[in-house]
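# Per-entry structural report
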Amino acid sequence: MTSDVSRPVAAARSTAAPYLNLLVTMIMFGSAFASSKVVVGEMPHEVAAALRFGGGGLLLILLAVVLRKRSRPIGRAAALRAGLAGLLGVLAYNVFFFWGLSLAPSLDGGIIVPVLSPILTTAALILLGRETASWPRVAGLATGALGALVFFLGISGEAAGSTRLVGDLVFMAGAGCWAAYSILSKSVLSGVDPLRATAWGTGVGGLGLIVLAVPAAGDVSWQSVSGLAWANVVFLAVGPTTIAYLFYYRGLRSVSASTATTMMFTVPVFGSFFSTVFLGESFTSVQLVGTLIMLGGALFAVLGGSPLRRRTAPESVHAG
């Protein structure tokens, strides 16, 4: 009797686990925008990115070594795929992420990246023939693009509008990198332990960021970097990097790339909260309208074809 009762509970936990993993990831991602803004205020963006992912990559590698007996070896081919994914989702994405933060408020990045990423992911999946190009989805993609245009137009009236606009366009490039990373990660995860895959990807990407940061590191007045900045560096390495990337990989093992990026819709809420409360940032009314249009378009683009209902069992099962 106990066994019969426990089975549905265990099944429910198993079904909910990927979404809980992704929710933790999105909370961490939302906090990263404000926290990273504090760091780039005291050092070049290349150095800030290298410290975050150099530390995060090291932590993930150490964790993978400690828990190596509990997971299967990754294999040379899978390690290569994970490394390539890391170059895209860690190196390329964070070059744009921290560069954008040096030019625009963290609030903008917290909206542009997580809202445009699902739109770009869905567009790519449709072009690749992996998703159905229904009219609601096409209309959603067009609406999302319109919302992005309105959002950018809301910056033009500000004194520092030109710098902010450039930063927002850089954030848009970062969103494209993250969309590609989400799609590529599905193939990386096939038959691979998520911790090892995360460690390899983050380690390779972090090493690339360190190489890029070397020329700028000499310009940093290290003795003048505040304790608050260092505290944020540690938080970024542990929370939005180590924990977030590991949980994102775990979630992607059981859901489609478009479904995973649907969870990105929660990041603007978390990101706006942290940026407003801790940094006192705000956006214009026109940007707010653009944000709402982008969100509506993203929802139609991602959910218009009902991918959650269409997802088949083989897509969520790990090859042995």
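Our structure's up above, just so we're on the same page.
These remarks concern the structure in this document. Quick caveat: nothing in here was measured; it's all calculated off a predicted structure.

## Considerations on the overall build of the protein chain
Along the protein chain, the regular secondary structure elements total 13 helices and zero strands. Residues counted as buried form 50% of the 320 residues belonging to the protein chain. Partitioning the intrachain contacts of the protein chain with sequence separation of at least 6 by distance along the chain shows that 93% fall at a separation of at least 24.

## Some words on the packing of aromatic side chains
The geometry of an aromatic ring pair comes down to the distance between the two centres and the angle between the two planes. Scanning the entire structure with this criterion turns up 10 aromatic pairs. Ring geometry for Phe151 and Phe152: centres 6.2 Å apart, planes at 75°, overall edge-to-face. When sorted by exposure, Phe151 lands in the same class as Phe152, which is buried. Seen in terms of ring centroids, Trp178 and Tyr181 are 4.7 Å apart; in terms of plane orientation they differ by 55°. Their pairing is tilted. Remark: Tyr181 and Trp178 occur in helix H6 (residues 161–188); sequence separation between them is three residues, near one turn of the helix. The same class applies to Trp178 as to Tyr181, namely buried.

## Description of helix H3 (residues 76–101)
The terminal C-alpha atoms of H3 lie 36 Å apart, and with 26 residues this matches the ideal 38 Å at 1.5 Å per residue to within 8%. At Asn94, H3 is bent by approximately 35°, the largest bend along its length.

## Some remarks on the packing of helix H2 (residues 45–66) against helix H8 (residues 227–252)
Each pair of packed helices can be summarised by the angle the axes make with each other and by the distance between the axes. As a packed pair, H2 and H8 sit with axes 8 Å apart at the nearest point and diverge in direction by 50°. Classified by the interaxial angle, the pair formed by H2 and H8 is oblique. For H2 against H8, the interelement crossing comes out right-handed. Of H8, the residues touching H2 (which contributes Leu51, Arg52, Phe53, Gly55, Gly56, Leu59, Leu60 and Leu63) are Trp230, Val233, Leu236, Ala237, Val238, Pro240, Thr241, Thr242, Tyr245 and Leu246. Looking at the contact of H2 with H8 residue by residue, the classes come out as 13 nonpolar, four polar and one charged.

## Observations concerning the nonpolar core
Ranked by size, the top nonpolar core spans 67 residues in total, and within it Phe29, Tyr93, Trp178 and Tyr245 carry the most contacts. The element best represented in this core is H3, accounting for 10 residues. Beyond its immediate chain neighbours, meaning those up to four positions away, Phe29 contacts Trp178, Pro240, Ala244, Tyr245, Met264 and Val267. Among the nonpolar cores identified, the runner-up in size contains five residues, and Ala64, Leu195, Ala199 and Leu246 belong to it.

## Examining the environment of Leu295
Tracing the sequence through the fold places Leu295 in helix H11 (residues 285–303). By relative accessible area, which is 22% here, Leu295 ends up partly exposed. Residues Leu295 and Pro118, 177 residues apart in the sequence, show an inter-C-alpha distance of 9.8 Å. Apart from residues no more than four positions distant in its own chain, Leu295 is found in contact with Val115 and Phe265.

How each quantity is defined
Residues numbered from 1 in each chain as written. Predicted model: local features only at pLDDT ≥ 70, side-chain atom pairs only at ≥ 80, totals over all residues. Heavy atoms only, no water. Helix = DSSP H or I, 4+ residues; strand = E, 2+ residues; numbered from the N terminus. Buried < 20%, exposed > 50% of the residue type's maximum accessible area, 1.4 Å probe, protein only. Contact = heavy atoms within 4.5 Å. Phe/Tyr/Trp six-rings, centres within 6.5 Å; stacked < 30°, edge-to-face > 60°. Expected span 1.5 Å × (residues − 1). Bend = angle between axes of the 7 residues up to and from the residue. Axes fitted to C-alpha atoms, helices over the stretch in contact; angles between N-to-C directions. Parallel < 35°, antiparallel > 145°, perpendicular 65-115°, else oblique. Left-handed = near helix turned anticlockwise from the far one by under 90°. Nonpolar A, V, L, I, M, F, W, Y, C, P; charged D, E, K, R; others polar. Core = buried A, V, L, I, M, F, W, Y, C linked by side-chain atoms within 4.5 Å.

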